[in-house]
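# Structural features, examined
Spelled out from the first residue to the last, the chains are:
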Amino acid sequence: MNNQKNMMHTLPVEAYTSKKWFDLEQEHIFSKTWQFAGLIEDVENAGDYISVQAGLNNIFVVKGRDNRLRAFHNMCRHRGTQLLRAVGKGQKAITCPYHDWTYDLEGKLVSIPKKEEEFPDLCNKELHECGLNLHEASVDIFKGMLFVHPDKNAPNIMTFFGEVEPYLGPHIPEELIEYQKNKDEPFYAKEINANWKIVVENYIDQYHLAHLHEGTLNMYDHAKAEFGWAGPHYHFYEPLVPEYLADIKNASPFPLIDKMPENKMGAYVPWLFPNIGITESESAWNTFHAIPLAPDRTLVVIRSKTMNVSEWEYTKQYTKSMTSKVWKTIGNKGKYEGDASDPMASGDFMAEDVYACEQQQKSLSSPFFSVGAQAQKGEFAVSKFQSVVKEWIEKHRNDA
Amino acid sequence: MRNFYQLKILGIKKETEDSTSVAFDVPSELYETFNYKPGQYLTLKFSINGEEVRRSYSLCSSPVLEEPLRIGVKRVKDGLVSNHINDNLKAGDTVDVMPPDGRFFADVKKDSYKTYYLFSAGSGITPILSILKTVLLTEARSYVHMIYGNRSQDSIMFNTELNALQEHYSDRFILEHTLSRPKSNWSDLWKTSKEQSYRKGRVDTDAVKWFVNEYPPYAQNAQYYICGPGTMIENTKKALKSIDVPEDRIFIESFGGSASVDTTKAYENAKLTAHLNGETIQIAIPQGKTVLRTLIDAGKKPPYSCEGGVCSTCMCKLTSGKIHMNNNLALSDKEVEQGYILSCQSIPLTESIEIEYE
């Protein structure tokens, strides 16, 4: 069989296995879109910064004393050394560790050690007029999340996300607090042995919910799911099952999100192009960041936010939830019988998804692999996503 | 050369005790000529007591609303033209008007996503009101954060219009009033907190810093527009620059003078006494040289590293005389108060100065 011609739906199978496609995506997707960089509270005070890898670019975001964020390429203009490490606080200026070239928080070069002796011919103007200021990037906020774009004249973020905004949940993430099991660590981080698109396709596949997760996500009414596309983004909503809804005030594992209207209690699960999902449920608000590491490896980082109420409220809710009859019949039950270390017996829907993604990736290199059929409604999003990826690459390849 | 056109006054409205707004009837054939950007002004020509006088007044109307061109005019004490307009003009009169002009305007576009910080005081509200209305109406996603300073409740121009805008656009328009001499009445006791909410004081450094901290930008493409009387503009700009707002994001209404630059002149050949490594050095500071460079050129070895006002290696204490630092990214306000200076950035302002490296 000729693997080259074998198609997933819209994309060839090699898009999920080859270095060539990985590089194409890094260049034309992840280096030409608004990229998730964290939550707004990550850069809270003047001088605080974070740096993130966004496709081929490493970009840092720093907050000025005017409370405005600035973004720059994390690269000294002297010899390219990365200036800042992952996170930090209270900077007044940015000094390269290599030769102490120093920039102010506007990215302007303000000092070169021994300039007169070592660089007499560099430029006879002020240092910041020598064309050696940091390369500017863009940063903006969407729904409590920080996004960076490598282009200083990036298309504005609301033009990019505007179409999908009306389909998002009523949650106000800025008012919620981060839920961490361990301090300064995200709620969940795991390297998955699958291409990032396999992970996305799993996230946006409505058809699998009632099957892979028959015992874990059955508190949601999959038959009543509403989903579709807005621009390059996917949106999804499904209500709670009546049984859970009836006892929601007790059964909810965490205090209920106060912005949820009683008549639309459920889960909003959009996917924002290219690689950030949000899971907005009745009791939590999560970001789901899929970071491609290699053609067959993806890092998934989930950050979780819940209601900003006292520890006591959480304790009370936990006790009520534990004793609710709802959980005796739904949720928490693995598809297979067996030890909890088996993802399919764990009763953990994340473990089930990871398992399914990795099992699918394993088959992609088989000469016998092909996609047999596509569920016209429940898997429509899968091929739609592939066409968005394809179109984005084609468009930006031609622009270059 | 721009010409004057005779425009008929549509109406005159008293805005406060000492201000009015004047609306003009622009004939359809002059629509194009009198098109304007929010923030621009009209120049009016009068002949008063046989003398030709011209004055410019900012438009407070918005070019995107179906409303006539309107300017706001506040009485200036002994002002020839402002009092003439307030006292004598009436609907139906014609006035010589030059088409709109001015470099102070907002570039408002439907798809823009910005945070506009508007700082105004007194009659400085006129161009700011035009920008405010135009942004809110045109840019459906942008935010406006506005602080407006006045003497008292009674001197707030366009108060009704501002309240209506605040009500209508409450999700993305923040308005704070600051009053230097607020009137208090017994009846205030019955007012809701919203009705009487204002800050006390002027639009000064404290107010500006408080405002920017209280209302940080959500849309990160922030711009800062300032218009007001006297020193309010320069003070607001200084306050913004002191918290690192980039110059190219600040827009000020200025009918003539340009913004001041750092033109501080050093005292020529000032005498420097420096205590360094147990040695006392006495030397003249040549024009254009910093304290640090003077010492280095004389073969001395003062501590230094970046020479950019950043690292603070060259820090020393000024024990007599005065200096000016061109740039200070290293010392805190407290250290400066204690007399510490960055010798690489210091130029002398007095005949002699004395410093000590610790």
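Please read all numbers here as calculations on a predicted model, not as lab measurements. (Residues numbered from 1 in each chain as written. Chains lettered and ligands numbered in written order. Predicted model: local features only at pLDDT ≥ 70, side-chain atom pairs only at ≥ 80, totals over all residues. Heavy atoms only, no water.)

### Looking at the sheet that holds strand β7 (residues 115–121) of chain B
All names here are of chain B. Strand order across the open sheet formed by six strands is β10-β9-β8-β7-β11-β12, with parallel pairing between neighbours. At either end of the open sheet lies a strand with only one pairing partner, and these are β10 (199–200) and β12 (250–252). Where β7 meets strand β8 (residues 143–150), seven bridges bridge the pair, whose relative direction is parallel. Of the residues in β8, the one forming a bridge with Tyr116 is Val144. Across the sheet, helix α2 (residues 125–138) lies against β7, β8, β9 (173–179) and β11 (222–227), angled at about 155 degrees from β7, the strand it touches most. (Pairing = 2+ DSSP bridges. Helix = DSSP H or I, 4+ residues; strand = E, 2+ residues; numbered from the N terminus. Contact = heavy atoms within 4.5 Å. Axes fitted to C-alpha atoms, helices over the stretch in contact; angles between N-to-C directions.)

### What about the state of the cysteines?
Here the structure, examined in full by the defined rule, presents one disulfide over all chains. Residue pairing for A:Cys123: its cysteine sulfur links by disulfide to A:Cys130, the two sulfurs lying 2.3 Å apart. Across the S-S bond of A:Cys123 and A:Cys130 the torsion is about -85 degrees, and the bridge reads as left-handed. Here the two residues A:Cys123 and A:Cys130 agree in accessibility, since each one is buried. Left unpaired, B:Cys314 is separated from the closest cysteine sulfur, that of B:Cys344, by 3.7 Å. (Disulfide = S-S within 2.5 Å. Buried < 20%, exposed > 50% of the residue type's maximum accessible area, 1.4 Å probe, protein only.)

### Notes on the packing of aromatic side chains
Within the structure shown, the criterion is met by 34 aromatic pairs over all chains. Ring geometry for A:Phe60 against A:Phe72: centres 5.7 Å apart, planes inclined by 40 degrees, an arrangement best described as tilted. Highlighted residues: A:Phe60 in strand β3 (residues 57–63) and A:Phe72 in strand β4 (residues 69–73), separated in sequence by twelve residues. Using a relative accessible area of 0% as the deciding quantity, one classes A:Phe60 as buried. You can call A:Phe72 buried: its relative accessible area is 2%. Where B:Trp210 meets B:Tyr215, the ring centres are 6.4 Å apart and the plane angle is 85 degrees; that geometry is what we call edge-to-face. If you follow B:Lys37 out to its NZ or CZ, it ends over the ring of B:Phe105, 4.5 Å from the centre. (Phe/Tyr/Trp six-rings, centres within 6.5 Å; stacked < 30°, edge-to-face > 60°. Lys NZ or Arg CZ within 6 Å of the ring centre and 35° of its normal.)

### Observations concerning the pattern of salt bridges
Residues and elements named next belong to chain A. Scanning the model with the defined rule gives 34 salt bridges over all chains in all. One salt bridge connects Lys305 with Glu41, and the closest N-O pair in it is separated by 2.7 Å. Of the two residues, Lys305 is situated in strand β19 (residues 297–306) and Glu41 in the loop between β1 (35–39) and β2 (49–54); the sequence distance between them amounts to 264 residues. Here Glu41 falls in the partly exposed class, since its relative accessible area comes to 29%. (Salt bridge = Lys/Arg side-chain N within 4 Å of Asp/Glu carboxyl O.)

### What about the domain arrangement of chain A?
Residue and element names in this part refer to chain A. Domain annotation for chain A reports domain 1 (35–158) and domain 2 (172–395). Computed over C-alpha atoms only, the centres of domain 1 and domain 2 are separated by 35 Å. On the domain 2 side, the residues contacting the twelve residues of domain 1 number 14 residues. Both sides of the domain 1 and domain 2 interface together cover about 1,100 Å² of buried area, and 64% of this is carbon and sulfur. Three residues stand out in domain 1 for area buried against domain 2, namely Phe36, Leu39 and Lys143, and they jointly supply 47% of the buried area on that side. One can count three salt bridges joining domain 1 with domain 2. For Glu280, the salt bridge is made with Lys143, and the minimal N-O distance between the two is 2.8 Å. If you look at where domain 1 meets domain 2, you find five residue pairs in polar contact (both at pLDDT 80 or more). Elements with a contribution of two residues or more to the side of domain 1 that touches domain 2: β1 and β10 (145–149). Residue contributions to the side of domain 1 that touches domain 2 peak at four residues, all from β1. (Domains from an automatic or database assignment. Buried area = accessible area lost by both parts, 1.4 Å probe. Polar contact = N/O pair within 3.5 Å; in protein donor to acceptor, adjacent residues only side chain to side chain.)

### Quick notes on the interface of chain A and chain B
Across the contact, 30 residues belong to chain A and 30 residues belong to chain B. Interface area, chain A with chain B, both sides summed: about 2,300 Å², of which 46% is carbon and sulfur. If you look at where chain A meets chain B, you find one salt bridge. A:Arg65 is the partner of B:Asp244 in a salt bridge, and the nearest nitrogen-oxygen pair spans 3.3 Å. At the level of elements, β4, β7 (102–104), β8 (109–111), α2 (115–118), β9 (136–142) and α3 (157–161) of chain A are the ones that each hand at least two residues to the side of chain A that touches chain B. Take the side of chain A that touches chain B: its biggest share by element is four residues, from β9(A).

### A few points about the sheet that holds β2(A)
All names here are of chain A. As summarised here, the arrangement of the seven strands in space is β1-β10-β9-β4-β3-β2-β5, forming an open sheet in which the pairing is antiparallel. A strand with exactly one partner marks an edge of an open sheet, and here the two such strands are β1 and β5 (87–88). The pairing of β1 with β10 spans four bridges and is antiparallel. Note on β10: the bridge partner recorded for Phe36 is Phe147.

### Quick word on the packing of α2(B) against helix α3 (residues 159–168) of chain B
Residue and element names in this part refer to chain B. With their axes 12 Å apart at the nearest point, α2 and α3 run at an angle of 25 degrees to one another. In terms of orientation, α2 and α3 fall into the roughly parallel class. The hand of the α2/α3 crossing is left-handed. For the pair formed by α2 and α3, the contact residues are Ile125, Leu129, Leu132, Lys133 and Leu136 on the first element and Glu161, Leu162 and Leu165 on the second. Here the contact of α2 with α3 is composed, by residue class, of six nonpolar, no polar and two charged. (Parallel < 35°, antiparallel > 145°, perpendicular 65-115°, else oblique. Left-handed = near helix turned anticlockwise from the far one by under 90°. Nonpolar A, V, L, I, M, F, W, Y, C, P; charged D, E, K, R; others polar.)

### Side note on the domain arrangement of chain B
Along its sequence, chain B is organised into domain 1 (5–101), domain 2 (115–252) and domain 3 (270–356). Here the C-alpha centroids of domain 2 of chain B and domain 3 of chain B sit 41 Å apart.

### Some words on the pairing of β19(A)
All names here are of chain A. Along β19, eight of the ten residues are buried, which leaves the element largely enclosed by surrounding structure. Strand direction decides the pairing type here: strand β11 (residues 177–179) and β19, joined by three bridges, are antiparallel. Its bridge partner lying in β19, Glu178 is registered against Lys305. As paired elements, strand β12 (residues 188–192) and β19 share five bridges and run antiparallel to each other. In the sheet register, Ala189 faces β19, and the bridge partner there is Val301. Judged from the nine bridges that link them, strand β18 (residues 285–294) and β19 form a sheet pairing that is antiparallel. Bridge pairing in β19 links Phe288 to Ile302. The turn linking β18 back onto β19 is made up of two residues.

### Examining α2(B)
All names here are of chain B. With 14 residues, α2 extends 19 Å between its outermost C-alpha atoms, agreeing within 8% with the 20 Å of an ideal straight helix rising 1.5 Å per residue. Among the 14 residues that make up α2, twelve are buried, leaving the element largely enclosed by the rest of the structure. Within α2, burial applies to Ile125, Thr126, Pro127, Ile128, Leu129, Ser130, Ile131, Leu132, Lys133, Thr134, Val135 and Leu136. (Expected span 1.5 Å × (residues − 1).)

### Things to note about the side chain of B:Lys133
Residue and element names in this part refer to chain B. The residue Lys133 is located in helix α2 in this model. Judged by relative accessible area, which is 6%, Lys133 ranks as buried. Here the side chain of Lys133 touches Glu161 through a polar contact of 2.9 Å, side chain to side chain. Aside from chain neighbours lying at most four places away, what touches Lys133 is Cys60, Ser61, Ser62, Leu65, Glu67, Glu161 and Leu165.

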